[in-house]
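Spelled out from the first residue to the last, the chains are:
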Amino acid sequence: ELPVRLARLIKATQKLPFIVGTNPYIKRVYKLYYDSFQTITATPEEIRDKEDVDKLASLLQGLVASHADVIPMLSQGFQECKKYMPKEDIKSFLDGMIRARIGIRLIAEQAISLRDQRDHSIESKEEGKAEASSQLPLPRDVVGVVHTELRPADLIKTCASFVQELCDINYGSSPEVVINGQTDTTFTYVPVHLEYILCELLKNALRATEDDQDLTKRPNEFGHPPVEVTIAQGDHEVTIRIRDHGGGISREHFDAIFDYSFTTVKNENDDNDSTDAGAGDSPYGVDSIFKGVSRLAMQAGLGGPIAGLGFGLPLTRIYAQYFGGDMHLISLQGYGCDVFLKLKQIDETLEDLQI
């Protein structure tokens, strides 16, 4: 499956206009996928024993690590080439590329995780009950990268703590994150996907709240209105609402927030970049104050949030839609934003599921 998907990405990149394909960043991405295709097709097709599994897992680990910077490279490449392609064509190409990338990484990381879990089980049995009891047991609700009893409330707390720490570092304070609703909800999902989505949305909400200067919405002279996260569980889906009081999004920018490369970060290498919104124009852009430590910290995981490259919200929506879910953003200009995240449970009720 991986060679087929990599071949499609290579073919799609070859179809780009010549001047775009020769961009150094786009060429590096193309070479990464081409080299990965060559490497995987050179491996034996049959997996016959444990040694073959270990070799394949090690190979996949190397490929996953080598592709960590694909999103920043694509962003930089298309920033430089945007005048050579219509915006709609760029969006279509990047949507397809990113969806395929998510699928490829998911397959690879599932194989790696299953190998690691197998090794953990074998080691526990071989070491005997006395020694095995001192090890952390492998959770029964974890199958590769999929958690069958994932608690969104726990992940929200973890992500909120992380983003609040970034706020404290950069602003000197951070809004409270209040979690309510059906907080005991559990469902089957890929936690690293949800972690990416939550970090990006909470980062936007906390940043907007910090930047908003309307004192009438503050609980006191020194505090900020809290960011409210509500969890609701349906029959086969979970809905998460993230509500902030950060002033909302201006009408002139609302239609552009899901465009690739839309950001309020001022490009430090370009003093007159007229395509980006000015700093502070949109609470749901990413302020330059989140550069540095936050940029490094938030690029972890499956191509994690890329501060200042304008890929945050488009990527977030693709992750949400990947298993049949969706994300909707409602802005009350002058007051705040509500983001509704609908996530489908990954089980037999999810018809036509394609990884």
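Higher on the page you've got the structure.
Residues numbered from 1 in each chain as written. Predicted model: local features only at pLDDT ≥ 70, side-chain atom pairs only at ≥ 80, totals over all residues. Heavy atoms only, no water.

### Some remarks on a nonpolar patch on the surface
A cluster of nonpolar side chains, I330, L332 and Y335, forms an exposed patch at the surface whose accessible area comes to about 290 Å². Looking at the element boundaries, Y335 is found in the loop between β7 (326-332) and β8 (336-344). (Patch = residues over 30% accessible without salt bridge, like charges linked within 9 Å, V, L, I, M, F, W, Y side chains within 5 Å. Areas by Shrake-Rupley, 256 points an atom, 1.4 Å probe, with all protein chains shown as cover. Salt bridge = Lys/Arg side-chain N within 4 Å of Asp/Glu carboxyl O. Helix = DSSP H or I, 4+ residues; strand = E, 2+ residues; numbered from the N terminus.)

### What to know about the sheet that holds strand β3 (residues 177-181)
The mixed open sheet is built from five strands, whose spatial order is β3-β5-β6-β8-β7. Edge positions in the open sheet fall to β3 and β7, since each of these has one partner strand only. If you compare each strand with its neighbour and ignore which way they point, the axes differ by 15° on average. Taken together, the five bridges between β3 and strand β5 (residues 227-233) define a ladder with parallel strand orientation. Counterpart to V177 in the pairing with β5 is V227. Along the sheet, helix α8 (residues 152-171) contacts β3, β5 and β6 (237-244); its crossing angle with β3, the most-contacted strand, is approximately 170°. (Pairing = 2+ DSSP bridges. Axes fitted to C-alpha atoms, helices over the stretch in contact; angles between N-to-C directions. Contact = heavy atoms within 4.5 Å.)

### Notes on helix α9 (residues 191-211)
In this model, α9 (21 residues) spans 30 Å end to end at C-alpha, consistent with the 30 Å of a helix rising 1.5 Å per residue. Along α9, 18 of the 21 residues are buried, which leaves the element largely enclosed by surrounding structure. (Expected span 1.5 Å × (residues − 1). Buried < 20%, exposed > 50% of the residue type's maximum accessible area, 1.4 Å probe, protein only.)

### Considerations on the environment of S161
Within the fold, S161 resides in helix α8. Take S161: its relative accessible area is 44%, and that puts it in the partly exposed class. Placed 13 residues apart in sequence, S161 and S174 show a C-alpha to C-alpha distance of 9.9 Å.

### Description of empty space enclosed by the protein
Which parts of space are left empty comes out when a probe the size of a water molecule is rolled across the atoms. This model, assessed by the stated rule, comprises three cavities of 30 Å³ or more. Taken as a whole, the largest cavity holds about 150 Å³ of empty space. The wall of the largest cavity is formed by 13 residues, among which L6, L63, V64, H67 and I104 lie closest to the centre. At the level of elements, α1 (2-14), α3 (24-41), α4 (50-66) and α6 (87-126) are the ones that each hand at least two residues to the lining of the largest cavity. In terms of residue class, the lining of the largest cavity is built from nine nonpolar, two polar and two charged. (1 Å grid on protein atoms, 1.4 Å probe; cavity = no way out; pocket = protein on both sides within 12 Å on 5 of 7 lines; lining within 4 Å. Points joined across faces, edges and corners; volume = space filled by probe spheres on them. Nonpolar A, V, L, I, M, F, W, Y, C, P; charged D, E, K, R; others polar.)

### Observations concerning the pattern of salt bridges
Within the structure shown, the criterion is met by 15 salt bridges. Measuring nitrogen to oxygen at the nearest pair gives 3.7 Å for the salt bridge that ties E109 to R105. In this pair, E109 and R105 both sit in helix α6, four residues apart, roughly one turn of the helix. Of the two residues, E109 and R105, both sit in the buried class. Of the charged contacts in the structure, one is a salt bridge between R207 and D211, with a shortest N-O distance of 2.9 Å.

### Looking at helix α5 (residues 70-81)
Taking 1.5 Å of rise per residue, twelve residues should cover 16 Å, and α5 covers 16 Å from first to last C-alpha, within 8% of that figure. Looking only at α5, the buried set comprises V70, I71, P72, M73, L74, S75, G77, F78, Q79 and C81.

### Section: the sheet that holds strand β2 (residues 146-150)
Strands belonging to one sheet form pairs held by backbone hydrogen bonds; the direction of such a pair is parallel or antiparallel. In space, the three strands of this open sheet follow the order β1-β2-β4, with antiparallel pairing throughout. The outermost strands of the open sheet, each flanked by one partner alone, are β1 (142-143) and β4 (187-189). Relative to β2, β1 is paired through two bridges, and the arrangement is antiparallel. Paired with V142 across the bridge in β2 is H147.

### Quick word on the pairing of β2
The two faces of the sheet receive side chains in turn, since in a regular strand these alternate between them. Between β1 and the antiparallel strand that follows it, β2, lie two residues; G144 among them carries a positive phi value of about 65°. Across two bridges, β2 lies against β4 in antiparallel orientation. Paired with L150 across the two strands is F187, which belongs to β4.

### Structural notes on the packing of α9 against helix α12 (residues 312-321)
The N-to-C vectors of α9 and α12 enclose an angle of 145°; their axes lie 9 Å apart at closest approach. Taken as a pair, α9 and α12 cross one another with a handedness that is left-handed. Between α9, through H193, Y196, I197, E200, L201 and N204, and α12, the contact on the second element is made entirely by G312, L313, L315, T316, Y319 and A320. (Left-handed = near helix turned anticlockwise from the far one by under 90°.)

### Re the environment of T22
Inspection of the secondary structure puts T22 in the loop between α2 (18-21) and α3. Separated by 59 residues in sequence, T22 and C81 have C-alpha atoms that sit 9.9 Å apart. Within the local environment of T22, its side chain forms a polar contact with the backbone oxygen of I19, the two atoms lying 3.0 Å apart. (Polar contact = N/O pair within 3.5 Å; in protein donor to acceptor, adjacent residues only side chain to side chain.)

### Thoughts on the side chain of N23
With respect to the secondary-structure elements, N23 resides in the loop between α2 and α3. According to the relative accessible area criterion, N23 is buried, its value standing at 6%. At a separation of 2.9 Å, a polar atom in the side chain of N23 contacts the main-chain amide nitrogen of Y25. Excluding residues within four positions of it along the chain, N23 makes contact with G77, E80 and C81.

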